[in-house]
Amino acid sequence: PQAKAYRAALLHCLADPREVGIERSHEYFEDGLLVVADGKVAQIGPAAELLPTLAAGTEVVEYPNALITPGFVDTHIHYPQTGMIASYGEQLLDWLDTYTFPTERAFADKAHAGEVAEVFLNELLRNGTTTALVFGSVHKESVDAFFEACEKRNLRMIAGKVLMDRNAPDYLTDTAETGYADSKELIERWHGKGRLHYAVTPRFAPTSTPEQLALAGQLFKEYPNLYMHTHLSENRKEIEWVRALFPERKGYLDVYDHHGLIGARSVFAHGVHLCDEECQRLGETGSAVAFCPTSNLFLGSGLFDLEKVEGFGVRVGLGTDVGAGTSFSQLQSLNEAYKVMQLQGKKLDPFKSLYLATLGGARALYLDDRIGNLQPGKDADFVVLDYQATPLIDYRLRQARPLEEKLFALTILGDDRAVKETFAAGESVHRKG
Ligand code: GUN
Ligand code: FE
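Report on the accompanying structure. (Residues numbered from 1 in each chain as written. Chains lettered and ligands numbered in written order. Predicted model: local features only at pLDDT ≥ 70, side-chain atom pairs only at ≥ 80, totals over all residues. Heavy atoms only, no water.)

So, helix 14 (residues 350-357)
For helix 14, the buried fraction is high: eight of the eight residues fall into the buried class. Here helix 14 has its buried residues at Pro350, Phe351, Lys352, Ser353, Leu354, Tyr355, Leu356 and Ala357. Looking at where helix 14 begins, the residue whose side-chain oxygen comes 2.7 Å from the main-chain nitrogen of phenylalanine 351 is aspartate 349. (Buried < 20%, exposed > 50% of the residue type's maximum accessible area, 1.4 Å probe, protein only. Helix = DSSP H or I, 4+ residues; strand = E, 2+ residues; numbered from the N terminus. Polar contact = N/O pair within 3.5 Å; in protein donor to acceptor, adjacent residues only side chain to side chain.)

Quick look at the structure:
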């Protein structure tokens, strides 16, 4: 198979800066070469060293004034909510009733679902996101349409059908039994096919009966490497509601715990208001939390305490949570994440930011053997970031001396305009026009 090489500045994370210090957390080649073959990374290193070793005739694509990083990982997003991003005026529970449920109703129609899936994937790739953990709607057709669209582009994606058998409009509910059976059918069809993975997806505790949660827990254990994806402790009124609905449980997380829904490959969106005991339990079970800064600010949910949650050994990834999130761009998520930390008197250094958007997300999803950085053998999912994306970014980066200044400015000022090209499994899947 023909190898292809990409020459640019190259940056990727090797570890969490929190664990090994900033210096040892990443690898940077000012004039680097990324060699790709068979959809995987074959080699990475300094161009001067690798260029002479390439087989004669190997094509070398050069990107001056650009930085190659791993593709971004979005650990929580809703594809049916693409068309309702930026809906005015409500906090979580009213926002669901007013905007979300009516929007998701249309996904009973597979043709509509397919059209939205295309818009959604175009948007993810325009923003440099190559892997995401994705909510469908309650309709199994929504997940078929989504996975069919992903398969055509050979993307590594995780998704699932929403389980919701109470406290939602009739047109949008399943039952404990149909939810289980439909999920099972989708798992058999899609889980492990190419680069696709299935996630058992109860919407959140208030919209499932204990019977549905129990069957979801059963399903989660029936197949290897299945995911569990839901929401947790996002909003104060939501938490009170869960207490009222499940008075016999110790708290919100305990509802999921009791039904066998926590552990490796369980991903909980938000976790804004977790107590120490809940963080402890998430950490010791290998569960993950998706930090969704643009959403938590937009819905007025609260400020996520990254240091506290990570302090308990919890895996944390970054999520956009579109349509409550306000951007598909993980660079914009990092812009807001920085401010969420500032409001708590804390810092978010740019290498930690890069980690959250790439390797940290891959670890939260237990996919760091496949994605998250550009070590040889990993999927060749990467982005080319443009140092001259806008006149202001160009001007600001010219003043920036060390790499960390450039990287920080990109995470604050960057968005889809900063993504020059996106590659999935070694193929170009988006190029800025
Ligand atoms: N909690 C339950 N459903 C949702 C949803 O669709 N978005 C967000 N942000 N939180 C939720
Ligand atoms: Fe969400």
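Remarks on the layout of surface pockets
Reported here for the largest pocket is a volume of approximately 300 Å³. What lines the largest pocket is a set of 18 residues, among which Glu30, Pro64, Asn65, Ala66 and Tyr387 lie closest to the centre. Of all the elements in the fold, those that place two or more residues in the lining of the largest pocket are strand 1 (4-13), strand 2 (26-37), strand 4 (59-70) and helix 16 (391-399). Ranked by residues supplied to the lining of the largest pocket, first place goes to strand 4 with five residues. Its residues assigned to classes, the lining of the largest pocket comprises eight nonpolar, three polar and seven charged. One number sums up the size of the second largest pocket: a volume of about 260 Å³. Forming the walls of the second largest pocket are 14 residues, and the residues nearest its centre are Gly251, Leu253, Cys275, Glu277 and Glu278. For the lining of the second largest pocket, the secondary-structure elements that each account for two or more residues are helix 8 (236-245), helix 9 (252-258) and helix 10 (276-284). (1 Å grid on protein atoms, 1.4 Å probe; cavity = no way out; pocket = protein on both sides within 12 Å on 5 of 7 lines; lining within 4 Å. Points joined across faces, edges and corners; volume = space filled by probe spheres on them. Nonpolar A, V, L, I, M, F, W, Y, C, P; charged D, E, K, R; others polar.)

Re the packing of helix 14 against helix 17 (residues 403-413)
One can describe the packing of helix 14 onto helix 17 by two numbers: an axis separation of 9 Å at closest approach and a directional angle of 55 degrees. When the interaxial angle is binned, helix 14 and helix 17 end up oblique. As helix 14 packs across helix 17, the resulting crossing turns out to be left-handed. Taken together, the residues of helix 17 that come into contact with helix 14 (itself represented by Pro350, Phe351, Ser353 and Leu354) are Leu403, Glu404, Leu407, Phe408 and Thr411. Residue composition of the contact of helix 14 with helix 17, grouped by class: six nonpolar, two polar and one charged. (Axes fitted to C-alpha atoms, helices over the stretch in contact; angles between N-to-C directions. Parallel < 35°, antiparallel > 145°, perpendicular 65-115°, else oblique. Left-handed = near helix turned anticlockwise from the far one by under 90°. Contact = heavy atoms within 4.5 Å.)

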